[in-house]
Amino acid sequence: MPSTPTTVTVLRDVRPWGGQRADLHVADGLITAVVPHDPAAAPADGTVEGGGLLALPGLVNAHAHVDKSWWGKPWVSYGGEGGTQGRIAHERAHRDELGIPGVDVTLAVLRESVRTGTTAVRTHVDVDLGVGLRGLEVVREAVATLGGAVHAEIVAFPQDGVLRRPGVLELLDQAAAAGAQHVGGLDPASIDRDPVGQLDGLFAIAERHGVGIDVHLHDGGELGAFQIELMIDRTVRAGLQGRVNVAHGFAVGQLPVARQADLVAAMGEAGITMTTVAPIGAAPLPLHALRAAGVDVGLGTDGIRDLWSPYGTGDLLALTTQLARLSGFRHDEDLVTAARIASSDAARFVGRDVHDLVPGAPADVVLVDAENVPDAVVRAPRRALVVAGGRVVARDGDVLV
């Protein structure tokens, strides 16, 4: 059974981002000071010893589906047809028998994420004619049960399409009115066959309720680029700069160099962001070009052991290793960039102004036994300690919530 998490006042003797040993002072769930470590100083009440371990900010899963997982249940064999349409159909046919969405399975996958250092998540939650808005309440209840171990933002996600399923657009509107921070979309061209109609509907909801937009876009090449251009135009006209995200966006990695450069520049000017799940076999996103253009990039797990795929562990640091390898990162500064994509640079994906090891940031910290950040990225060592909101929520592989 989970034990009572320790409230931290000082996280003593850690190396933020692999730098000099320091003490992190904490109050009300926030880092209040970062001071050089003094070995002679007497520990105050609420001091947690870091033992000189490397400290990273809590990991941020910027693209998850925590309502879909069957983590913690007996093994479920892969079945059904491949492709987006085939996976949607298979999931719709079998999710009820697995209790999906359910608080117990959502809790199981969230606790596993906490164990490996994730302290904040943007999760897409299915909203469709079969489950209505029930998944939103399931996720909220699971997050609340963890008592602040995970900070979550919700995307109301139309996995089965928007316009092709009459009534879904209205459900998305209700979800936004009920507190979902974002509304999602799915391949406006290849799923709904009406990119203008789907995007106009989503942007109308966003403007009406002041929420963000997060669109799964698998369509490649010029078809995908065209849909991104539609989003750019609508983002600027609606004044939603910084509130619109393209998830996956395989097309960006597939375009010729000059065309890619123009599209990336336009995305940066419009404040469009991107999230990737570091998929094996897809053209890597031009991470350096995106970041240079001001396009924030987040990293996420996508589904974790669900009816779409048996793969996934929820370990975002291990996924950071995969992102770095797929991106061809070998130099130290590139490996540090990968770590920042998975943590501090992802603040905006979970509604935070800052998410780092600095005063004023949430006291979300992960300790690992690593020489430096590049070492941590290439090895993804075991998480020795996880602090979320100023409480120790996992230690040496044991989840305390």
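Everything below is about the structure printed above this text.
Attention in this report is confined to the structure presented alongside it. All values reported here derive from a predicted model rather than from experimental measurement.

**Description of the sheet that holds strand β10 (residues 244-248)**
Working step 1: Read from one edge to the other, the open sheet built from eight strands follows the order β5-β6-β7-β8-β9-β10-β11-β12, with strand pairing classed as parallel. Whereas interior strands pair on both sides, the edge strands pair on one side only; in this sheet they are β5 (59-64) and β12 (297-299). In this sheet, adjacent strand axes meet at a mean angle of 25 degrees when their direction is disregarded.
Working step 2: Note that strand β9 (residues 212-217) and β10 share five bridges and pair parallel.

**Digging into the packing of aromatic side chains**
Working step 1: Throughout the structure, instances matching the rule amount to one aromatic pair.
Working step 2: The ring of tryptophan 71 carries the charged tip of arginine 305 above its face, separated from the ring centre by 4.7 Å.
Working step 3: Between arginine 340 and the ring centre of tryptophan 17, over which it is positioned, the NZ or CZ distance is 3.9 Å.

**Focus: helix α1 (residues 83-94)**
Working step 1: With twelve residues, α1 extends 17 Å between its outermost C-alpha atoms, agreeing within 8% with the 16 Å of an ideal straight helix rising 1.5 Å per residue.
Working step 2: Restricting attention to buried positions, one finds in α1 the residues Gly86, Arg87, Ile88, His90, Glu91 and Arg92.
Working step 3: Contacts from the buried residues of α1 go to β6 (118-126) and β8 (182-186).

**Comments concerning helix α6 (residues 221-238)**
Each turn of an α-helix holds 3.6 residues, which means side chains three or four residues apart point in the same direction.
Working step 1: Under the 1.5 Å per step criterion, the end-to-end length of α6 is 26 Å for 18 residues, consistent within 8% with the ideal 26 Å.
Working step 2: Within α6, burial applies to Gly224, Ala225, Gln227, Ile228, Leu230, Met231, Ile232, Arg234 and Thr235.
Working step 3: On its buried face, α6 is in contact with α5 (195-209), β9, β10, α7 (250-254) and α8 (257-270).
Working step 4: Taken from the residues just after α6, glycine 239 is the one with a positive phi, measuring 65 degrees.

**Description of the nonpolar core**
Working step 1: Of all hydrophobic cores here, the largest spans 107 residues; its most connected members are Leu11, Leu172, Ile213, Ile228, Val252 and Met267.
Working step 2: Beyond its immediate stretch of four places on either side in the chain, valine 252 contacts Ile228, Gln260, Leu263, Val264, Met267, Met274, Leu285, Pro286 and Leu290.

**Some points on the sheet that holds strand β13 (residues 365-368)**
Working step 1: Ordered by their spatial adjacency, eight strands build an open sheet running β3-β2-β1-β4-β13-β14-β15-β16, and the pairing between neighbours is mixed. In this open sheet, the two edge strands, each paired with only one partner strand, are β3 (30-36) and β16 (398-399).
Working step 2: Here strand β4 (residues 47-57) pairs with β13 via four bridges, running antiparallel. Directly across from leucine 56, in β13, lies its bridge partner valine 366.

**Brief notes about the environment of arginine 15**
Working step 1: With respect to the secondary-structure elements, arginine 15 resides in strand β1 (residues 10-16).
Working step 2: Residue classification places arginine 15 among the buried positions, given a relative accessible area of 15%.
Working step 3: Separated by 38 residues in the primary sequence, arginine 15 and leucine 53 place their C-alpha atoms 6.0 Å from one another.
Working step 4: Arginine 15 has contacts with Gln20, Arg21, Gly52, Leu53, Leu54, Ala55, Ala370 and Glu371, leaving out every residue within four places of it along the chain.
Working step 5: Within polar-contact distance, the side chain of arginine 15 engages the backbone oxygen of glycine 52 at 2.8 Å.
Working step 6: A polar atom in the side chain of arginine 15 sits 2.6 Å from the backbone oxygen of alanine 370.

**Digging into the packing of helix α10 (residues 316-326) against helix α11 (residues 332-341)**
Working step 1: For the pair α10 and α11, the least separation of the axes is 9 Å and the interaxial angle reads 135 degrees. Relative to α11, the element α10 is oriented oblique. Along this stretch, α10 crosses α11, giving a crossing that reads as right-handed. Contacts between α10 and α11 pair Thr320, Leu323 and Ala324 from the former with Leu335, Ala338, Ala339 and Ile341 from the latter.
Working step 2: When the residues that make up the contact of α10 with α11 are grouped by side-chain class, the tally is six nonpolar, one polar and no charged.

**Some thoughts on the packing of α6 against α8**
Working step 1: Taken N-terminus to C-terminus, the directions of α6 and α8 make an angle of 25 degrees; their axes are 9 Å apart at the nearest point. Classified by the angle their axes make, α6 and α8 are roughly parallel. Here the hand of the crossing between α6 and α8 comes out left-handed. Taken together, the residues of α8 that come into contact with α6 (itself represented by Glu222, Ala225, Ile228, Glu229, Ile232, Thr235 and Val236) are Arg259, Leu263, Ala266, Met267 and Ala270.

Thresholds, definitions, all that
Residues numbered from 1 in each chain as written. Predicted model: local features only at pLDDT ≥ 70, side-chain atom pairs only at ≥ 80, totals over all residues. Heavy atoms only, no water. Pairing = 2+ DSSP bridges. Helix = DSSP H or I, 4+ residues; strand = E, 2+ residues; numbered from the N terminus. Axes fitted to C-alpha atoms, helices over the stretch in contact; angles between N-to-C directions. Phe/Tyr/Trp six-rings, centres within 6.5 Å; stacked < 30°, edge-to-face > 60°. Lys NZ or Arg CZ within 6 Å of the ring centre and 35° of its normal. Expected span 1.5 Å × (residues − 1). Buried < 20%, exposed > 50% of the residue type's maximum accessible area, 1.4 Å probe, protein only. Contact = heavy atoms within 4.5 Å. Core = buried A, V, L, I, M, F, W, Y, C linked by side-chain atoms within 4.5 Å. Polar contact = N/O pair within 3.5 Å; in protein donor to acceptor, adjacent residues only side chain to side chain. Parallel < 35°, antiparallel > 145°, perpendicular 65-115°, else oblique. Left-handed = near helix turned anticlockwise from the far one by under 90°. Nonpolar A, V, L, I, M, F, W, Y, C, P; charged D, E, K, R; others polar.

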